[in-house]
Amino acid sequence: MAEFTYSNVEKEMEVYGFDAVVKSYCRMCHGGCGVLVYLKDGRVEKIAGDPECPINHGTLCPKGIASAQLAYHPDRLTHPVRRVGPKASGQWERISWDEALDTIAERINQTRDECGAESIVMGYGTGRETDGLVYRFANTLGTPNVLTAGHFCYGPRIATGILTCGSNPVVDYENHPQCIMVWGNNIVISNPDEYKGEPFSVSLNRGAKLITVDPRLTRVAARSDVWLQLRPGTDAALALGMLHVIIHEELYDEDFVENHVHGWDPFVKRVNEYPPDRVEQITWVPREKIREAARLFATTKPAAIQWGVAIEQQINCADNNRLLMALMGITGNIDAPGGQVLFRPPKVRNIGEFGAHKQLSKAQAAKRLGGERFRLASNFAVINPKCVWDAILEEKPYPVKMLFFVSSNPLMTRANAREVYRALEKVEFMAVSDFFLTPTAELADIVLPAATWLEMDYLGNFLLRHGYVLPRRKIIQVGECRSDHDMLNDLAHRVGIGEHWWNSFEGGLDYVLEPMGITWQEFQKTDHVRGEVAYYKYKDKGFSTPTRKFELYSTKLEEWGYDPLPRHREPPESPYSTPELFEEYPYILITGRRMAGFFHSENRQVPWLRELHRDPVVEIHPDTAQKVGIREGDWVVIESPRGKVRQRAKFIEGMDPRVVSAEHAWWFPEQKDPAHGWAESNINVLTDNAYESCDPAMGATNIRTLLCRIYPESR
Ligand SMILES: Nc1nc2c(c(=O)[nH]1)N[C@H]1C(S)=C(S)[C@@H](COP(=O)(O)OP(=O)(O)OC[C@H]3O[C@@H](n4cnc5c(=O)[nH]c(N)nc54)[C@H](O)[C@@H]3O)O[C@H]1N2
Ligand SMILES: Nc1nc2c(c(=O)[nH]1)N[C@H]1C(S)=C(S)[C@@H](COP(=O)(O)OP(=O)(O)OC[C@H]3O[C@@H](n4cnc5c(=O)[nH]c(N)nc54)[C@H](O)[C@@H]3O)O[C@H]1N2
Ligand code: SF4
Ligand SMILES: [Mo]
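What counts and what doesn't
Residues numbered from 1 in each chain as written. Chains lettered and ligands numbered in written order. Predicted model: local features only at pLDDT ≥ 70, side-chain atom pairs only at ≥ 80, totals over all residues. Heavy atoms only, no water. Near = heavy atom within 4 Å. Polar contact = N/O pair within 3.5 Å; in protein donor to acceptor, adjacent residues only side chain to side chain. Areas by Shrake-Rupley, 256 points an atom, 1.4 Å probe, with all protein chains shown as cover. Nonpolar A, V, L, I, M, F, W, Y, C, P; charged D, E, K, R; others polar. Domains from an automatic or database assignment. Phe/Tyr/Trp six-rings, centres within 6.5 Å; stacked < 30°, edge-to-face > 60°. Helix = DSSP H or I, 4+ residues; strand = E, 2+ residues; numbered from the N terminus. Buried < 20%, exposed > 50% of the residue type's maximum accessible area, 1.4 Å probe, protein only. Lys NZ or Arg CZ within 6 Å of the ring centre and 35° of its normal. Core = buried A, V, L, I, M, F, W, Y, C linked by side-chain atoms within 4.5 Å. Contact = heavy atoms within 4.5 Å. Pairing = 2+ DSSP bridges. Right-handed = clockwise from strand over helix to strand, strands pointing away.

A.B. asks: Before we move on, could you go through the site of ligand 1 and cite the residues and values that matter?
C.D. replies: What surrounds ligand 1 is a group of 33 residues, the closest being Arg128, Thr413, Asp434, Asp484 and Ser601. Taking arginine 128, its side chain carries an N or O atom lying 2.4 Å from an oxygen atom of ligand 1. One of the side-chain nitrogen or oxygen atoms of aspartate 434 is found 2.6 Å away from an oxygen atom of ligand 1. Out of a free accessible area of 920 Å², ligand 1 has 99% covered by protein chains. Classifying every residue of the shell around ligand 1 by side-chain character gives ten nonpolar, 15 polar and eight charged. Taken domain by domain, the shell around ligand 1 gets at least three of its residues from each of domain 1 (81-146 + 372-469 + 476-516) and domain 3 (579-712).

A.B. asks: Please set out the packing of aromatic side chains residue by residue, giving values where relevant.
C.D. replies: A full pass over the atoms with the stated rule returns 25 aromatic pairs. Consider the rings of phenylalanine 256 and phenylalanine 543, whose centres lie 6.1 Å apart with planes at 75°: the pair is edge-to-face. Note that phenylalanine 256 is positioned in helix H11 (residues 254-260) and phenylalanine 543 in the loop between helix H25 (538-541) and strand E21 (550-551), a separation of 287 residues in sequence. Considering the side-chain rings of tyrosine 458 and phenylalanine 505, the 6.3 Å spacing of their centres and the 15° angle between planes classify their relative orientation as stacked. Taken together, the residues span a long stretch of sequence, with tyrosine 458 in strand E18 (residues 458-460) and phenylalanine 505 in the loop between helix H22 (484-494) and helix H23 (506-513) at a distance of 47 residues. The pair tyrosine 458 / phenylalanine 505 is uniform in exposure class, with both members buried. Feature note: the residues Phe137, Phe354, Tyr458, Phe462, Trp501, Trp502, Phe505 and Tyr511 constitute an aromatic cluster, connected by ring pairs. Of note, arginine 136 hangs over the ring of tyrosine 511, and the distance from its end group to the ring centre comes to 5.3 Å. Taking NZ or CZ as reference, arginine 658 lies 3.5 Å from the ring centre of tryptophan 284, over its face.

A.B. asks: Mind laying out the environment of glutamate 499, listing which residues take part and the relevant values?
C.D. replies: Within the secondary structure, glutamate 499 sits in the loop between H22 and H23. Given a relative accessible area of 69%, glutamate 499 falls into the exposed group. Considered as a pair, glutamate 499 and glycine 155 are 344 residues apart in the sequence and their alpha carbons are 29 Å apart.

A.B. asks: I'd like to hear about the side chain of lysine 23, residue by residue, with values.
C.D. replies: Examined against the element boundaries, lysine 23 turns out to sit in strand E1 (residues 20-25). Looking at lysine 23, its side chain comes within polar contact range of the side chain of aspartate 527, at 3.4 Å.

A.B. asks: Can you explain the nonpolar core? Please cite residues and give values.
C.D. replies: Ile104, Phe137, Leu403 and Phe404 are the most contacted members of the largest nonpolar core, which has 124 residues in total. Those residues within four positions of phenylalanine 137 in sequence are excluded, and the remaining contacts are Ile108, Met122, Leu488, Leu491, Ala492, Val495, Ile497 and Trp501. If you look at the next biggest cluster of nonpolar residues, it comprises 69 residues, including Val171, Val245, Leu296 and Phe297.

A.B. asks: Hey, could you go over helix H6 (residues 155-165) for me, with residue numbers and the actual values?
C.D. replies: The element H6 is largely enclosed, with a buried count of ten among its eleven residues. The inward-facing, buried residues of H6 contact strand E13 (303-307), helix H15 (317-330), helix H18 (375-379), E21 and helix H26 (555-559). Looking at the residues trailing H6, positive phi occurs at glycine 166, about 95°.

A.B. asks: Go over the pairing of strand E6 (residues 120-124) with me, naming the residues and quoting the values.
C.D. replies: Most of E6 sits inside the fold, with five of its five residues counted as buried. Across the two faces of E6 the burial is the same, with Ile120, Met122 and Tyr124 and Val121 and Gly123 all buried. Where E6 lies against strand E15 (residues 402-406), five bridges are found, and the strand directions are parallel. The residue of E15 that forms the bridge with glycine 123 is phenylalanine 405. With two bridges connecting them, E6 and strand E7 (residues 146-147) associate as parallel partners. Bridge assignment links methionine 122 to a residue of E7, and that residue is valine 146. Note that the unit made of E6, helix H5 (residues 131-141) and E7 has a crossover that is right-handed.

Purely spatial values, then, with no claim about function.
Encoded structure:
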């Protein structure tokens, strides 16, 4: 264990009688915050931020602080169970780990032999750091089908980053950007991926200019120099409008454009289709504001874009990402200190090797669901969820017989939840690994009790692109819970693919660390490692793309038959694309803003966190509310052509009266029947997953902008 001394910690131990304080890294979200875990009689008594951690500098969010309430929750599943009644009957019996894993192994072997490995779909949830191993399991087993949120979250940033400049450009807060453009992101609440709110706030406090692109007046928007309140789903048009200003006013970095970009002329031609007056009509943002923001961003150095998932859950997903990268690139902020850096990882095995992607044969890879339709996604081993539901329900292009979800709750988090339900109900066999019997787990055949971050050794943040790898340490054991890594390593031996795995999972940790010449036992004595930090690497080596240039014009997309240049597509449901529907459903609905205490469908049962936020909330402008007869705090009905749900109205002046914003992933663990109210307030009952509404290359489901009506429950 790392040696450390903090005078206040020593004092606290003395005064409160803690037995030990252990350093580790939280993972109640995508993870990364350094923590000090205080123990008394072997139990976690308190969790505090580690002031020495370069990621959070001692700060923590409510989820981190409440982690022990999750770990010790009385409803937690602490041993494997097998369902003994019909699906969703809530009838379970306790079984041993051996019995559980043997049963799953038997089904895997039988399904693979009778139908082919591709009819087994593995799945994992966002950022639970099960990613690498679930892929390793799937790839070594021979199935190309791994179902994640990767089609509409983070995956698109990585995929388009690789196409455009070789990696994902990450904001360099350490060198304090002088201008930050927050685009479709609420960083101070969501602390997503590589980012935590603390370094962002420090840069603001040092005087960085702030531009916010968000349909809602968030706390960040309220602090901005310029707030662009765009119509939801029109980000591509807005970015093209800003590029128009930057190009026509010659505010771009000439050296970068001349020497380092591919496709400048055709790109400018495309941008010319989006002058600010046209963009104003599309986005509802006044042209003067577009100009003001473009000028501020392009003339303040260094500048960075703090981008979020809102731009990815749209039909324009891949192009939105590419356009924001174009803004970073042509203003000279790529790989610049205080700009957007292509950080290098330390010398560890990369996620591709850990995920054993080379083990999957070409013939099996060609069977990836949706592979022909969504070629960008498929090239990054990502699938669109509807392809899985269709393969179960319609057996097309082949039947999927088995699902195995390790850390995901798709009934709450995937679009068109009623279709998801039908698929989970029909599938022949489903295994789930989770902390609780969630609405998804209630439909499973076997549920495995997973370990929380306090109960595992792992290489934290090893997938992310900020260049850090962190030693997460096992501190407690709860019941029979096991880490997913340990569980998958064990299962791999039971299905005959053990040769690609290790005797115990510690071997997997050693495998990743091997290029650094150290073992897990040695690594866990350190605080963290970081890759070498270097700027402007492209000046010597070019970018890691097919042309070695920053590709404004994507040669790969062209090869795959897509438009190589980014453009704006009107959202599939909108006042303009579906005017008749708009008459019946006259409001634009945004779904899924983040809440501080919850992580998607998680934590509704954690007392400190539920206290922060008791009920699902839909935000609405007071004028709109008055028009439809809604009072503040009322339970109201939100309805789309797919269905209706209830949430409580909250009045927000800082919303366009034509837009409402609902929360996602709500279920009610306090309802003890096996449905746990999954359909009551679950906004994904309303979202659409039709293929035509998805991003044509990435398969991102358009869940951010749809049409709805909203009215009091009593109507
Ligand atoms: N309408 C709408 N829908 C959305 C979104 C939105 O904005 N709007 N956002 C989408 C996005 S960006 C994402 S990433 C997805 C997220 O989708 P999911 O990742 O499916 O999200 P969760 O609901 O958090 O499901 C995770 C489950 O895993 C369990 N769990 C947590 N940690 C572990 C672990 O270490 N091991 C195991 N075995 N289980 C664990 C939790 O208890 C929980 O039940 O949701 C998407 N859905
Ligand atoms: N506490 C907490 N933290 C989380 C999560 C969580 O569930 N809870 N989830 C994690 C995950 S998986 C993810 S992906 C990240 C996401 O983190 P963020 O990217 O911060 O996601 P959101 O808060 O959903 O959306 C950000 C902002 O986008 C705005 N927005 C909505 N529609 C549009 C649009 O069309 N265009 C633009 N420009 N903006 C729009 C919303 O109003 C919102 O303020 O958060 C991660 N962190
Ligand atoms: S931001 Fe994430 S890693 Fe940091 S304390 Fe909160 S949940 Fe933990
Ligand atoms: Mo996400």
